[in-house]
Amino acid sequence: MQMLKKIALAILHIVQALYSQSLKRIRKTIAMDCEKELENILSALSADVIKAALYKASD
C-alpha cells in the first residue's frame, strides 16, 4: 500500500503542473469525479512520464 501511495504522489506532482493547482485541490477534484479525472490525467501523461514517476516512487 505504501508503494501505491508513493506512485500516486509522484504522478500528482507531475499533474500539478498541468492543473496549476495545489495538490489538495487536485485531490479534491479527483474525489468528486474519480473516473473522469483519472481518465483526464492518464490521457494527458505519456507512457514515459508514467514510467519516470514509477521509478521515482521506487527510490
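Just above, that's the structure.
Residues numbered from 1 in each chain as written. Predicted model: local features only at pLDDT ≥ 70, side-chain atom pairs only at ≥ 80, totals over all residues. Heavy atoms only, no water.

Some thoughts on unusual backbone geometry
Link 1 in the chain: With phi around 55°, Ser20 is a residue other than glycine that occupies positive phi space.
Link 2 in the chain: One can find Ser20 in the loop between α1 (2-19) and α2 (23-32).
Link 3 in the chain: The exposure class assigned to Ser20 is exposed, which follows from its relative accessible area of 65%. (Helix = DSSP H or I, 4+ residues; strand = E, 2+ residues; numbered from the N terminus. Buried < 20%, exposed > 50% of the residue type's maximum accessible area, 1.4 Å probe, protein only.)

Details of the nonpolar core
Link 1 in the chain: Core analysis: the largest hydrophobic core is formed by 12 residues, namely Ile7, Ala10, Ile11, Leu12, Val15, Leu23, Ile26, Ile30, Ile41, Leu45, Ala53 and Ala57.
Link 2 in the chain: With 5 residues, α1 is the largest single contributor of residues to this core. (Core = buried A, V, L, I, M, F, W, Y, C linked by side-chain atoms within 4.5 Å.)

Quick word on the environment of Lys5
Link 1 in the chain: Looking at the element boundaries, Lys5 is found in helix α1.
Link 2 in the chain: For the pair Lys5 and Ala57, spaced 52 residues apart in the sequence, the C-alpha separation amounts to 8.7 Å.

So far we have only geometry, and geometry alone does not tell us how the molecule works.
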